[in-house]
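Residue-level structure breakdown
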Amino acid sequence: MRILVIEDDADLGPWLRDTLEAALGGADRVATLDEAETALKVRPFDLVVMDRRLPDGDAVTLIAKMRMLSPRPSILVLTALDDPNEIARALDAGADDYLAKPFEPVELIARARAVLRRNQLDQKGVTSVSNLRFDTFARTAYVDDQPLILPRRELALLEALMRRAGQVVLRESLDNAVYGFDDEIQSNAIDAHLSRLRKRLREAGCRAEIKALRGIGYLMAE
Amino acid sequence: MRMLLKRSIASSAAMLLGGLISALLCCLFVGFIAFYGDDGDVAQSDVATEIKRSVRLDEAGRPLLTPTGRLIAFQRQFPQLWYVVSTPRGSLSYGAVPPRVRGGLGLPDASEARSAYDASGPEMQLLGSTRAEDDPAMLIALGGAVYTSTEVVLSLLREPDIPSTLLAAVMAIIILTTILVVPALIVRPVRRAAAAAEEIGAREGARLPVDRQPSELKPLALAFNRALDRIDAATAEQRRFLSNAAHELRTPLTRLRTRLERVEDREIKAELVGELQSLSATVTMLLQLARLTSQPTEMQPIDLVSVVREATAREVPTALASGVDIELRGEGPVMVSGSAQAIGIGLSNLVRNAIQHGGSGGRVVVEVAASRRVSVIDFGPGIGTAYGGRTVMEPFARGKQDSAGTGLGLAIVAQVAALHGAGLSMEETPGGGTTVTLSFPQ
């Protein structure tokens, strides 16, 4: 795991590097856009944690450039600008997520893990929560590396939840994931599928848990 | 006049035109009365008509007079009036018939109407007129009747003929059209400019078209556009200020947070981190409040249920971390006109407040009713009676002094409500706790 921290602040920069290195391993820190471009040319990075405002400019242009790299690093933007339009600009340019300053160290690590997980999902088709792993290419779920045999609709449900693990998946997007255009959606059918899926996961010894939030949606939690 | 203009340019223009036309008509009327005198022919023509109505012939062909009411009135009105009605078989007369007429004015020969004037004096005076009525066998000679100016007008009004009625009707139509159409034409560009200004609304960068304005309105449009320039510049400046302020406040807070990691004493560290977190929350909410109050909000039709669901979903991790169950009730769509972003910010603050202050109840319910009401219900200790009412909705007011939170959350919600013309109320949840309700207008 290789992490690049782009942060000009003399306190925050080294702290970010040390904190991320302790939690995820191998981090470098640069302070300007220029240095960042050089670093990115020298070696590939799995994760880039970056500030928006740098001494030599707005980092949005760099985000767009990094999207072209192969393998593409996961990008987590740290921003002191909480204007929703500014956040949207960073995400549109290709950032995977943003974190508003100031933040708690645990939140930083959790977000970093989440973007890495999503990037891994994009590139390798694999995502995991606790001892549950889902391979989207093979469309197979594993608990402790043991494949889990699931009916079609339960598999689709699990995939939708795993793709957005740690976040709330709204009820209607689950409906869309499980049922096709022509399928007639039965109310409560999702709940029935979910309760069977929960039981199967529990029996297989899965430590990840599907939390139901009435009226809102579902969430795959550790 | 000034008061009239304040009411409406069109109605004052109409009243002004109406007044001017009336004055003009009055002048014409007075002039007509003053200068149009009657030298006798108008009055005598009227009297002759009346005489004709009063006369019939007996079996022998002699004229017989049965005066009509009007003829009697004429006789009373004109003391000098005389007349002679003659037919080949006989004649009758009234009043002091001048000797010359009596002596024969060549009456029997007269076959058409004519007048006789006395030209001996300095002013010509109608001596009498001879009128051949439809019956050429009957001649009427008369004199001594002269209308005053007023009587001429009254006589015209009394027996309107077709040409004068038509003329009056055409005049009335022209006057009415002038009064109705001219003010509307004058006001049209003003109305068009007002509609264009209305359309600009809260859109940034939009301006009134100046080229198409009439020259009188051009300075107004230019001044209006200059004012918009200033507002846009101020908004941009405000935005720049806010993002600079955000940067300048958050960067040191972040730096401070990283330094706190080096504090060895766990108890002191936890306390300092808590203080820093509440300071950070204050900064975040102040910036949100500033953004909501300073920037124009674009209103669109939105589904309250889905906006509220997304906002609630964002707060789920906080709820789970605090061990609070969160639930959304309500079937969509419930359409309102509003800003999804602003409502989302308001809802996030309400839900966070409920988790923070009412989380001890273990449950927070968000409810969207078809009547466009959104309620956030907690089952905690409640806000207490001392702080009921509006005060908690003002910036920096808190339910309890020792409680966490900045007291800005509800001020933000109140601002969001004000932006949407929505009602905001706070009441005790039955069985304990607080219910905050946003009621959007119908």
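Model, not experiment: these values are computed from the prediction.

Along chain B, the regular secondary structure elements total twelve helices and 14 strands. Looking at chain B as a whole, 40% of its 442 residues are labelled buried. Intrachain contacts of chain B at a sequence separation of at least 6 include 62% that bridge at least 24 residues. Accessible surface, chain B as shown: approximately 25,200 Å² in total, 59% of it carbon and sulfur.

All names here are of chain A. Taking strand neighbours across the sheet as the criterion, the five strands line up as β2-β1-β3-β6-β7 in an open arrangement whose pairing is parallel. One side of each edge strand has no neighbouring strand; the edge strands of this open sheet are β2 (27-30) and β7 (97-100). In this sheet, adjacent strand axes meet at a mean angle of 20° when their direction is disregarded. Pairing of strand β1 (residues 3-6) with β2 involves four bridges; the strand directions are parallel. Looking across to β2, one finds that Ile-6 is bridged to Val-30.

Another point: the pairing of strand β7 (residues 139-143) of chain B. Residue and element names in this part refer to chain B. Counting buried residues in β7 gives five out of five residues, a clear majority hidden from the surface. A two-sided burial pattern is seen for β7, the buried positions comprising Leu-139, Ala-141 and Gly-143 on one face and Ile-140 and Leu-142 on the other. Of the pairings in the sheet, the one linking strand β3 (residues 82-87) to β7 comprises five bridges and is antiparallel in character. In the sheet register, Val-85 faces β7, and the bridge partner there is Ile-140.

A separate point is the interface of chain B and chain A. The partner chain A presents 26 residues to the 31 residues of chain B that form the contact. Carbon and sulfur atoms make up 57% of the surface buried where chain B meets chain A, a total of about 2,700 Å² over both sides. Our count for the chain B to chain A interface comes out at six salt bridges. Residue Asp11(A) is joined to Arg259(B) by a salt bridge in which the shortest nitrogen-to-oxygen separation is 2.4 Å. The interface formed by chain B and chain A contains ten residue pairs in polar contact (both at pLDDT 80 or more).

On to helix α2 (residues 9-35) of chain B, then. Along an α-helix, residues three or four positions apart point the same way, because every turn accommodates 3.6 residues. Residue and element names in this part refer to chain B. Spanning 27 residues, α2 covers 38 Å between terminal C-alpha atoms, matching the ideal 39 Å at 1.5 Å per step. Considered for burial, the residues of α2 that qualify are Ala-10, Ser-12, Ala-13, Ala-14, Gly-18 and Ile-21. Sitting at the amino-terminal end of α2 is Ser-8, which places a side-chain oxygen 3.2 Å from the backbone nitrogen of Ala-10.

Residue and element names in this part refer to chain A. Summed over the entire model, instances satisfying the criterion amount to 36 salt bridges over all chains. Between Arg-200 and Glu-154 there is a salt bridge; the shortest N-O distance is 2.8 Å. Of the two residues, Arg-200 sits in helix α8 (residues 189-203) while Glu-154 sits in helix α6 (residues 152-163), which places them 46 residues apart along the sequence. By relative accessible area, which is 31% here, Arg-200 ends up partly exposed. By relative accessible area, which is 2% here, Glu-154 ends up buried. Between Arg-163 and Glu-159 there is a salt bridge, with its nearest N and O atoms 3.1 Å apart. Here Arg-163 and its partner Glu-159 are both found in helix α6, four residues apart, which amounts to about one turn of the helix. Among the charged side chains, a network of salt bridges with common partners joins Arg-52, Asp-58, Glu-86 and Arg-89.

Along the chain, Asp11(A) falls in the loop between β1 and α1 (12-24). For Asp11(A), a relative accessible area of 19% gives the class buried. Not counting chain neighbours up to four residues away, the residues in contact with Asp11(A) comprise Arg255(B), Thr258(B), Arg259(B) and Arg262(B).

Our focus in this paragraph is the packing of helix α10 (residues 304-321) of chain B against helix α11 (residues 340-358) of chain B. Residues and elements named next belong to chain B. Two numbers describe how α10 lies on α11: the axes approach to 9 Å, and their chain directions differ by 40°. Here α10 lies oblique to α11, going by the angle between them. Crossing angle aside, the handedness with which α10 passes α11 is right-handed. Between α10 and α11, the contacting residues are Leu-304, Val-307, Val-308, Ala-311, Arg-314, Glu-315, Thr-318 and Ala-319 on the first element and Ala-340, Ile-343, Gly-344, Leu-347, Ser-348, Val-351, Arg-352 and Ile-355 on the second. Of the residues contributing to the contact of α10 with α11, the split by class is ten nonpolar, three polar and three charged.

Rules behind the numbers
- Residues numbered from 1 in each chain as written.
- Chains lettered and ligands numbered in written order.
- Predicted model: local features only at pLDDT ≥ 70, side-chain atom pairs only at ≥ 80, totals over all residues.
- Heavy atoms only, no water.
- Helix = DSSP H or I, 4+ residues; strand = E, 2+ residues; numbered from the N terminus.
- Buried < 20%, exposed > 50% of the residue type's maximum accessible area, 1.4 Å probe, protein only.
- Contact = heavy atoms within 4.5 Å.
- Areas by Shrake-Rupley, 256 points an atom, 1.4 Å probe, with all protein chains shown as cover.
- Pairing = 2+ DSSP bridges.
- Axes fitted to C-alpha atoms, helices over the stretch in contact; angles between N-to-C directions.
- Buried area = accessible area lost by both parts, 1.4 Å probe.
- Salt bridge = Lys/Arg side-chain N within 4 Å of Asp/Glu carboxyl O.
- Polar contact = N/O pair within 3.5 Å; in protein donor to acceptor, adjacent residues only side chain to side chain.
- Expected span 1.5 Å × (residues − 1).
- Parallel < 35°, antiparallel > 145°, perpendicular 65-115°, else oblique.
- Left-handed = near helix turned anticlockwise from the far one by under 90°.
- Nonpolar A, V, L, I, M, F, W, Y, C, P; charged D, E, K, R; others polar.

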